[in-house]
Each structure stands twice: as structure tokens, then as C-alpha cells.
Amino acid sequence: MNDDVRNIVLGVIAAGLSASLGWLARTYLSRRRLRRKQAFFGLPDNSESLLVVNRSAGGPELTVGRHDVFALLELSALIKDCNAAAQIVAHDGARQGFGERTEFCVGGPASNRRMVAHLASLLPGVRMNVDTEPGPDQGAFQIGGERYRLELGRQEYAILARLTAGQRGDVRPVFLFCGQRSIDNQAATRYLARNHERLARKYGGNTFVLLLKVVNSQAYGPDVVELVADVTREAQSPLPTTALEPAPTRTSHRAQP
């Protein structure tokens, strides 16, 4: 074997080894990314999850609004990426506890009884005005001592929460997407889809409650979302008596997750 042939053979071998090592490295990183995603969502391979849907106003039938359907599609894609399955359950048909399966609960307390139960038992520091009478506080969030009013189409709010009960490692989380309007529910799910890696790095498997602001939804839809604040402590503490009195609207500032 002359030098030219030997160099060609060695080059082919080196290229093959390099390609194999690159493939192994990419596979390892991809699997590690998947495991982190599965851990954050509580969705190991072949696990099951619940998509709890609300009901559009105006009738007793289970009619899911257009933006809530889009929210379910966003969540379905996340679940599929984790090699898990989803079961859709009506808000008034999910009569079970939590922790056995990951739950994604979509919709505000005006249309989702399951959300009412979660807020009352897990987030006593959050209250939403569900009065049907028009007024400045209609649809407003009360979180701790602050009030966040709805400015239709201009400035709206949503709560994105990851909640766990107990300290066992096998407890599955509950994700809440509670917006002042259905488009805000979709905005919260889209925010989670875009930022779950950063949220996982920051919070790991711990509980968090984030207040999001949907900016100019009449022009931008659910795409422009800002993080107002991490309100985990306020949301988990019972509302003070003074918080039930009229309060000024909070001026929000953009933050980073």
C-alpha cells in the first residue's frame, strides 16, 4: 500500500469516527434535553395527562372557544414531544384529585369549575372578578394587595402557574392557564411553549406562579406577552382583608423569566 492510498484510507476512517462521535454527541444532548423537558412537565415516556377544558359562556353544552382550542393545540404539541398522551376532560367532569397525572387546566373561573377549585385550594391569594355587570373591576385579578384591571384589547392579564402538592418525587404537576379572556389563555400556553426551557432552568420542579401581560391583543393577538412579575408568594398567601377593598391599578414593568 503506497502513501496516497494509506492517506485516503486513514482519511475515510477519521471521517467515519468523527461522524459517529458527532452523532453520539447529538443523540446524547437530544435525549438529555428530552429528559429535562419530561421532568419539568411531569411526563415520562408513555405517561398520560389531562387537558381540562372550560366552556364558552352562553349555554350548558360543552362548547370550547376558538382561542381555547388553539391553546389545547399548543399543549398537545408539548405533550406529544414528551412521548406522552393526553385525555381531554370537561371542566365539570374532572372529579378527581391531582398528582397522579399531569394536568393542564385552561380557562378562567367564570367558565371553568376546576379552575375555581384550584384557585381556592392552591392559590388563596388570587381572586378574579367574575361579575357580569359592567364596571371598572369586571374581569380584574386581585393578587395580594394589587389589582390588575382588564383594558379590553389593549392590556390584559393571565396567570401561568406550575403547582405541585407534597414532596414526593412522583407527584405530577398541575399547570394553570387562567386569563381574563380566552385569547389570554392561549397567550399563556404559547408563553410556556416558548419559554419552558428557561423556566425549567430557573424553577426546576418547584412551584411557580407568573403574572403575564398580553399587549394589544386586538392588533397582535396572543403573540406579544410580557412577564409582569413572579407572584408565587402572594398567590399562595391568603388575601389580606385590606385587599378586598378598592385598590389602585398596578403599573407593571416588564421582567425576564
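Remember, it's a predicted structure, so these values are computed and weren't measured experimentally. (Residues numbered from 1 in each chain as written. Predicted model: local features only at pLDDT ≥ 70, side-chain atom pairs only at ≥ 80, totals over all residues. Heavy atoms only, no water.)

Asks: Could you give me a rundown of the overall build of the protein chain, with the residues and numbers involved?
Replies: Summing up its helical and strand segments, the protein chain has six helices and 10 strands in all. When the 257 residues of the protein chain are sorted by exposure, 44% land in the buried category. If you take every contact in the protein chain between residues at least 6 apart in sequence, the share linking residues at least 24 apart comes to 69%. Carbon and sulfur atoms make up 52% of the accessible area of the protein chain, which totals about 13,800 Å². (Helix = DSSP H or I, 4+ residues; strand = E, 2+ residues; numbered from the N terminus. Buried < 20%, exposed > 50% of the residue type's maximum accessible area, 1.4 Å probe, protein only. Contact = heavy atoms within 4.5 Å. Areas by Shrake-Rupley, 256 points an atom, 1.4 Å probe, with all protein chains shown as cover.)

Asks: Kindly report on the packing of aromatic side chains, identifying the contributing residues and their values.
Replies: Applying the stated rule across the entire model yields eight aromatic pairs. Centre to centre, the rings of F40 and F208 are 6.3 Å apart; their planes meet at 10 degrees, and the pair counts as stacked. Placement of F40 in helix α1 (residues 3-41) and of F208 in strand β9 (residues 208-215) is noted, with a sequence separation of 168 residues between them. In this structure F40 comes out as buried when scored by relative accessible area, which is 2%. One aromatic cluster is present, formed by F40, F41, F104, F175, Y203 and F208 through successive ring pairs. Geometry around F40 places R162 over its ring, the cationic atom sitting 5.4 Å from the centre. (Phe/Tyr/Trp six-rings, centres within 6.5 Å; stacked < 30°, edge-to-face > 60°. Lys NZ or Arg CZ within 6 Å of the ring centre and 35° of its normal.)

Asks: Outline the nonpolar core, listing residues and values.
Replies: Judged by nonpolar contacts, the single largest core of 30 residues is most densely connected at F41, F104, L160, F177, L192 and L210. Broken down by element, the residue count for this core peaks at six residues, all from helix α4 (residues 182-203). Other than its neighbours up to four places away in sequence, L210 contacts A158, I159, L160, Y191, L199, Y203, L227, A229, D230 and V231. F141, V174, V228 and V231 belong to the second-largest nonpolar core, a separate cluster that totals 26 residues. (Core = buried A, V, L, I, M, F, W, Y, C linked by side-chain atoms within 4.5 Å.)

Asks: So, a nonpolar patch on the surface: which residues are in play, and what are the values?
Replies: On the surface, V69, F70 and L73 cluster together into a nonpolar patch covering about 240 Å² of accessible area. Within the secondary structure layout, L73 lies in helix α2 (residues 66-81). (Patch = residues over 30% accessible without salt bridge, like charges linked within 9 Å, V, L, I, M, F, W, Y side chains within 5 Å. Salt bridge = Lys/Arg side-chain N within 4 Å of Asp/Glu carboxyl O.)

Asks: Give me the confidence of the model for the protein chain: which residues, what numbers.
Replies: Detailed reading of the predicted coordinates is not advisable wherever pLDDT falls low. Here the protein chain shows a mean pLDDT of 83. Residues at 70 or above account for 79%. Element-level mean pLDDT values for the protein chain span from 74 in α1 up to 96 in β9. Confidence drops under a pLDDT of 50 for residues 247-254, and excluding neighbours within four residues, the segment shows 18 contacts in the predicted structure. (pLDDT = per-residue confidence, 0-100.)

Asks: Explain the sheet that holds β9 to me, using residue names and the numbers behind them.
Replies: Ordered by their spatial adjacency, seven strands build an open sheet running β2-β1-β3-β8-β7-β9-β10, and the pairing between neighbours is mixed. The sheet terminates laterally at β2 (85-90) and β10 (225-230), the two strands that pair on one side only. Across the sheet, the axes of successive neighbouring strands diverge by a mean angle of 20 degrees, strand direction being ignored. Taken together, the six bridges between strand β1 (residues 48-53) and β2 define a ladder with parallel strand orientation. Paired with V53 across the bridge in β2 is A90. (Pairing = 2+ DSSP bridges. Axes fitted to C-alpha atoms, helices over the stretch in contact; angles between N-to-C directions.)

Asks: Hey, could you go over the pairing of β1 for me, with residue numbers and the actual values?
Replies: Burial within β1 is extensive, with five of its six residues counted as buried. Bridge analysis of β1 against strand β3 (residues 102-106) gives four bridges, and the strand direction is parallel. For S49, the partnering residue across the bridge sits in β3 and is T102.

Asks: Could you give an account of α4, naming the residues involved and the relevant values?
Replies: Residues spaced three or four apart along an α-helix point in a common direction, a consequence of the helix completing one turn every 3.6 residues. For α4, which comprises 22 residues, the first-to-last C-alpha distance of 26 Å sits more than 12% below the rise-based estimate of 32 Å (1.5 Å per residue). Along α4, the sharpest change in direction is near 70 degrees and occurs at N195. Positive backbone phi, approximately 60 degrees, marks G204, located one or two places after α4. (Expected span 1.5 Å × (residues − 1). Bend = angle between axes of the 7 residues up to and from the residue.)

Asks: Pulling in residues and values, what's your account of the pattern of salt bridges?
Replies: By the definition in use, this model includes 12 salt bridges. In this structure, E151 engages R154 in a salt bridge whose closest nitrogen and oxygen atoms are separated by 3.8 Å. In this structure R154 comes out as exposed when scored by relative accessible area, which is 56%. With its nearest N and O atoms 2.3 Å apart, the salt bridge here joins R190 to D223.

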